[in-house]
Amino acid sequence: MNPRNFQPESLMMSYGYKPELSEGAIKCPIFQTSTFVFKSAQEGKEFFELAYGKREKNPDEQPGLIYSRLNNPDLQILEERLCLWDGAEKCAVFESGMSAISTVLFEFLRPGDSLLYSMPVYGGTDHFINKVLPQYGIKGIGFSPGDSKEEILKKARNKGVKLVYVETPANPTNALFDLNLCREIADELGTKDSPVYVAVDNTYMGPLWQHPLKLGADLVLYSATKYIGGHSDLIAGAVLGNADLMQRVLTLRTFLGNMAGPWTGWLLMRSLETLKVRMTQQAANASQVADFLAGHPKVEKVHYLGHLEPGSDQYRIFKNQLTSAGAMVSFDIKGAEKEAFKFLDALKLFHLAVSLGSTESLAEHPAAMTHSDVSEEDRKNLGISEKLIRLSIGVENYQDLIWDIEQALNQV
Ligand SMILES: *Cc1c(COP(=O)(O)O)cnc(C)c1O
């Protein structure tokens, strides 16, 4: 299937799909079905034995299709394709990024445990950690980009930490966390019998620009709503990792019933065919936009990974972990909320909307929108001020994007 060690982008159109099983159709059909017909009672029995772990898989045996809550060809093929980008053994696709995240947190944490997590995290994740998990006796312990290993360990030792959860680059400031350091911390907190796992929300870098499993993480999570979907037309999530940990995630998914449906799976397969060209163009456009912003008199500061100062610690992490500066650009406008809102309301090509990673460029105000739930103190410490504007750069002509930003800044 992969005689030349083809790159993932070469395999996204065909990998895992057998046309002969679908009347020769070149594309995987939408398997809009709840259940699957067994050839015989004996076959049904064998499929269930395997699905319920009552026996080992025979060497060439494919797990049989039983029922679409357990799996469906559109999800199965999509999951195999997603594995290629991150070099994962197994993947589970979910009906949203939040269902991927909440399923992982519930699977790896029990009452009395603690979760060590990077700050800031996505607003929904923050709410789940600080408002939902405490109701189950699970405590969140946060750490910030500037914290040293000793500072983090001091907070986390003897607290029953079972999982380290990291979002890097952090949203919306693009602050980076060192994943090697997170691995070391997890290993110091865990024991052989009670390991501490590292889970990374890699949504901001998509599957293209950062591969956490190769940097020591045990699990990588995505809101597939963002770059993977990439067209602002679906909600989905994904988790990837080694076969053992993923078996646990897949089992809980089966019983929570929060897998994506076949139609979403099909749309995501279609999206994956253009993942690399989309993201590559988005990053090239973002670099042009960031350079323009950096030279504009109404802009106080640009938060863009391509502008990190060589020699700084953030630059070192950037060089180690990322293959691109990405397509998210934030900036502080001169002034406060009034000036930021004037700018946002004057945009003509950018859409004023939350979310990110799509073909169209989006602009939003984190302090009033995505991060309005974060406490004022945390917002201050994390640099999420009233001046901050977040841009997600799309695939448009970059000169049109710059024209739009310039005319909107002129109206401030
Ligand atoms: C959007 C997002 C999520 C949540 O994903 P949904 O698909 O909206 O449920 C989680 N993490 C990050 C970093 C996100 O941007």
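Residues numbered from 1 in each chain as written. Predicted model: local features only at pLDDT ≥ 70, side-chain atom pairs only at ≥ 80, totals over all residues. Heavy atoms only, no water.

Per an unreviewed UniProt entry, the protein goes by the name Cystathionine gamma-synthase family protein and belongs to Algoriphagus confluentis. Per UniProt, the protein carries the Cofactor (unreviewed entry) text "pyridoxal 5'-phosphate". Heading Sequence similarities (unreviewed entry) of the UniProt record for the protein holds this comment: "Belongs to the trans-sulfuration enzymes family." (UniProt positions renumbered as here; feature names shortened; annotations may be inferred.)

Caption draft 1: Region of the structure containing the site of the ligand. The immediate surroundings of the ligand are formed by 14 residues, with Met98, Asp201, Ser223, Thr225 and Lys226 found nearest. Within the contact set of the ligand, an oxygen atom lies 2.6 Å away from a side-chain nitrogen or oxygen of Thr225. Within the side chain of Lys226, one N or O atom sits 2.7 Å away from an oxygen atom of the ligand. Burial of the ligand by the protein amounts to 94% of the accessible area it has alone, namely 380 Å². Broken down by element, the shell around the ligand gets its largest block of residues, three residues, from helix α4 (residues 97-108). (Near = heavy atom within 4 Å. Polar contact = N/O pair within 3.5 Å; in protein donor to acceptor, adjacent residues only side chain to side chain. Areas by Shrake-Rupley, 256 points an atom, 1.4 Å probe, with all protein chains shown as cover. Helix = DSSP H or I, 4+ residues; strand = E, 2+ residues; numbered from the N terminus.)

Caption draft 2: The arrangement of the domain arrangement of the protein in detail. Here the domain parsing of the protein yields domain 1 (8-33 + 68-272) and domain 2 (275-409). Relative placement of domain 1 and domain 2: their C-alpha centres are 24 Å apart. Between domain 1 and domain 2, the contact holds 36 residues from the first and 40 residues from the second. Between domain 1 and domain 2, the buried area comes to about 3300 Å², and carbon and sulfur atoms account for 58% of it. Three residues stand out in domain 1 for area buried against domain 2, namely Leu176, Trp209 and Tyr227, and they jointly supply 24% of the buried area on that side. Here domain 1 and domain 2 share two salt bridges between them. The salt bridge involving Lys276 is made with Glu9; its shortest N-O contact spans 2.9 Å. Top contributing element to the side of domain 1 that touches domain 2 by residue count: helix α8 (residues 206-209), with four residues. Here the side of domain 1 that touches domain 2 is built from residues that sort into 18 nonpolar, 14 polar and four charged. (Domains from an automatic or database assignment. Contact = heavy atoms within 4.5 Å. Buried area = accessible area lost by both parts, 1.4 Å probe. Salt bridge = Lys/Arg side-chain N within 4 Å of Asp/Glu carboxyl O. Nonpolar A, V, L, I, M, F, W, Y, C, P; charged D, E, K, R; others polar.)

Caption draft 3: Structural view of a nonpolar patch on the surface. On the surface, Phe38, Phe48 and Tyr52 cluster together into a nonpolar patch covering about 290 Å² of accessible area. Tracing the chain through its elements places Phe48 in helix α2 (residues 41-51). (Patch = residues over 30% accessible without salt bridge, like charges linked within 9 Å, V, L, I, M, F, W, Y side chains within 5 Å.)

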